Amino acid sequence: MRDRGEEDVLLGSLLPDGVRWAEGTGEPDGPCPYPEEEALMARAVPGRRREFAAARVCAHRALAALGAAPGPLLRGRRGAPAWPARTVGSITHCAGYRAAAVAPAGRLLALGIDAEPHAPLPPGVRGAVAFGPEEAWLRTAAAGRPDLAWDRLLFSAKESVYKAWSGYGGAWLGFEDAEVSWWPGTDTAPDGMPHAADRDRDAANPLSSAPDTAPDGHPPRPARARAGRLRAAGRFRARLLVAPPPPAPVGPHPFPRVLDGRWLVREGLLLTAVVVPRPVPPPHRTAPKEHP
């Protein structure tokens, strides 16, 4: 597995400050970092075991960057990773790529990431993913940018939403239970104007969106054009059509009905990420003292 250098960053360009992440490409090799993890895949085929191990390596690297104590990362509810206490996270892998992202539960309510090959969905799958206005939007988007696999993007966005929902403690969430809309460009809505809700939210909580500059002060790398390679990036919004789960044990804040995310297409891959910030309490104001 090859670690990606700064110029090759994919997942990190979708995540805000405070989230620690790790990613790798190439053929996976080597066992899981802990025997307890290896035992989870004892009955899996060799290729599946290698992918699982490579993803667990990314998860441990991300947790180490967060300062978490080392230890096996086992399975929790519905097979998702059982992240350490006071930590939220998400993990993903597809052919040739794997990644993990983690953050303190004191800063985020939930986190979801997903990686897919940038290719149209197999025949028959699209009808199980797109519902209501999504199908019409897919046709419109494909007419404007036929080089992008919009149906796969929709699938991935809903996967990231589900992972965030599940990590918070939500029950089953079907593809029909979330309605997704998106727009190309990092900070503009379809009409070309900044989205008012995003602008107001970002000003109140910097964790709610990815930074507008990379750590070296340059514009986000996914926005740069590279000759001979398809690059596209933007935002999406998911509206939950079912009641949110009850507040998780990590805090009293309810899961929001509307989630914002980011997406990226590059190097034959499609990535999506959903970050659910913990609401920032209003500043405490003391009543002015009365003077005699």
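Above this text sits the structure in question.
Just so we're clear, the structure is a prediction, and the values are computed from it rather than from any experiment.

1. Quick word on the overall build of the protein chain
When its secondary structure is counted, the protein chain shows six helices and nine strands. By the burial criterion, 45% of the 292 residues in the protein chain qualify as buried. Carbon and sulfur atoms make up 60% of the accessible area of the protein chain, which amounts to about 14,600 Å² in all.

2. Structural notes on the environment of arginine 50
Tracing the chain through its elements places arginine 50 in helix H2 (residues 46-66). Judged by its relative accessible area of 39%, arginine 50 falls in the partly exposed class.

3. Quick notes on the layout of surface pockets
By volume, the largest pocket amounts to about 990 Å³. What lines the largest pocket is a set of 41 residues, among which Arg77, Ala80, Pro81, Trp83 and Ser166 lie closest to the centre. When residues of the lining of the largest pocket are traced back to their parent elements, those giving at least two are H2, strand E3 (87-94), strand E5 (108-117) and helix H5 (150-168). Top contributing element to the lining of the largest pocket by residue count: E3, with seven residues.

4. Observations regarding the pattern of salt bridges
Using the criterion set out here, one finds 10 salt bridges in the structure. One salt bridge in this structure joins glutamate 51 and arginine 98, with 3.6 Å as the shortest N-O distance. Here glutamate 51 is found in helix H2, whereas its partner arginine 98 is found in strand E4 (residues 97-104), with 47 residues between them in sequence. Judged by relative accessible area, which is 0%, arginine 98 ranks as buried. One salt bridge connects arginine 145 with aspartate 147, and the closest N-O pair in it is separated by 2.8 Å. Judged by its relative accessible area of 31%, arginine 145 is partly exposed. Counted as one network, the salt bridges with shared partners bring together Arg126, Glu135 and Arg139.

5. As for the nonpolar core
Residues Trp150, Val161, Trp182, Phe236, Phe255, Trp263 and Val276 are the most contacted members of the largest nonpolar core, which totals 33 residues. Not counting chain neighbours up to four residues away, the residues in contact with tryptophan 150 comprise Trp137, Leu138, Ala141, Ala142, Arg145, Trp182 and Trp263. Listed in part, the 22 residues of the second largest apolar core include Val88, Tyr97, Leu269 and Val275.

6. As for the pairing of strand E8 (residues 258-266)
Counting buried positions along E8 gives eight out of nine residues, so the element sits mostly inside the fold. Pairing between strand E7 (residues 231-240) and E8: nine bridges, direction antiparallel. Across the sheet, residue arginine 239 finds its bridge partner in E8, namely valine 258. Sheet analysis places E8 next to strand E9 (residues 269-277), joined by six bridges and oriented antiparallel. Bridge assignment links arginine 266 to a residue of E9, and that residue is leucine 269. Adjacent in sequence and paired antiparallel, E8 and E9 are bridged by two residues, among which glutamate 267 carries a positive phi angle near 55 degrees.

7. Description of H5
For H5, which comprises 19 residues, the first-to-last C-alpha distance of 27 Å matches the rise-based estimate of 27 Å (1.5 Å per residue) to within 8%. Backbone geometry just after H5 places glycine 169 at a positive phi near 120 degrees.

8. A closer look at the packing of aromatic side chains
Taken as a whole and judged by the stated rule, the model has eight aromatic pairs. A centroid spacing of 5.9 Å and a plane angle of 15 degrees characterise the contact between tryptophan 150 and tryptophan 182, whose relative ring orientation is stacked. One end of the pair, tryptophan 150, is in helix H5; the other, tryptophan 182, is in strand E6 (residues 178-184), with 32 residues separating them in the sequence. A ring pair is formed by tyrosine 168 and phenylalanine 255, whose centres lie 5.0 Å apart and whose planes are at 50 degrees; its orientation type is tilted. Remark: phenylalanine 255 occurs in the loop between E7 and E8 and tyrosine 168 occurs in helix H5; sequence separation between them is 87 residues. The two residues tyrosine 168 and phenylalanine 255 agree in class, both being buried. Here the aromatic cluster, defined as three or more aromatic residues joined through ring pairs, consists of Trp137, Trp150, Trp182 and Trp263.

The rules behind each value
- Residues numbered from 1 in each chain as written.
- Predicted model: local features only at pLDDT ≥ 70, side-chain atom pairs only at ≥ 80, totals over all residues.
- Heavy atoms only, no water.
- Helix = DSSP H or I, 4+ residues; strand = E, 2+ residues; numbered from the N terminus.
- Buried < 20%, exposed > 50% of the residue type's maximum accessible area, 1.4 Å probe, protein only.
- Areas by Shrake-Rupley, 256 points an atom, 1.4 Å probe, with all protein chains shown as cover.
- 1 Å grid on protein atoms, 1.4 Å probe; cavity = no way out; pocket = protein on both sides within 12 Å on 5 of 7 lines; lining within 4 Å.
- Points joined across faces, edges and corners; volume = space filled by probe spheres on them.
- Salt bridge = Lys/Arg side-chain N within 4 Å of Asp/Glu carboxyl O.
- Core = buried A, V, L, I, M, F, W, Y, C linked by side-chain atoms within 4.5 Å.
- Contact = heavy atoms within 4.5 Å.
- Pairing = 2+ DSSP bridges.
- Expected span 1.5 Å × (residues − 1).
- Phe/Tyr/Trp six-rings, centres within 6.5 Å; stacked < 30°, edge-to-face > 60°.

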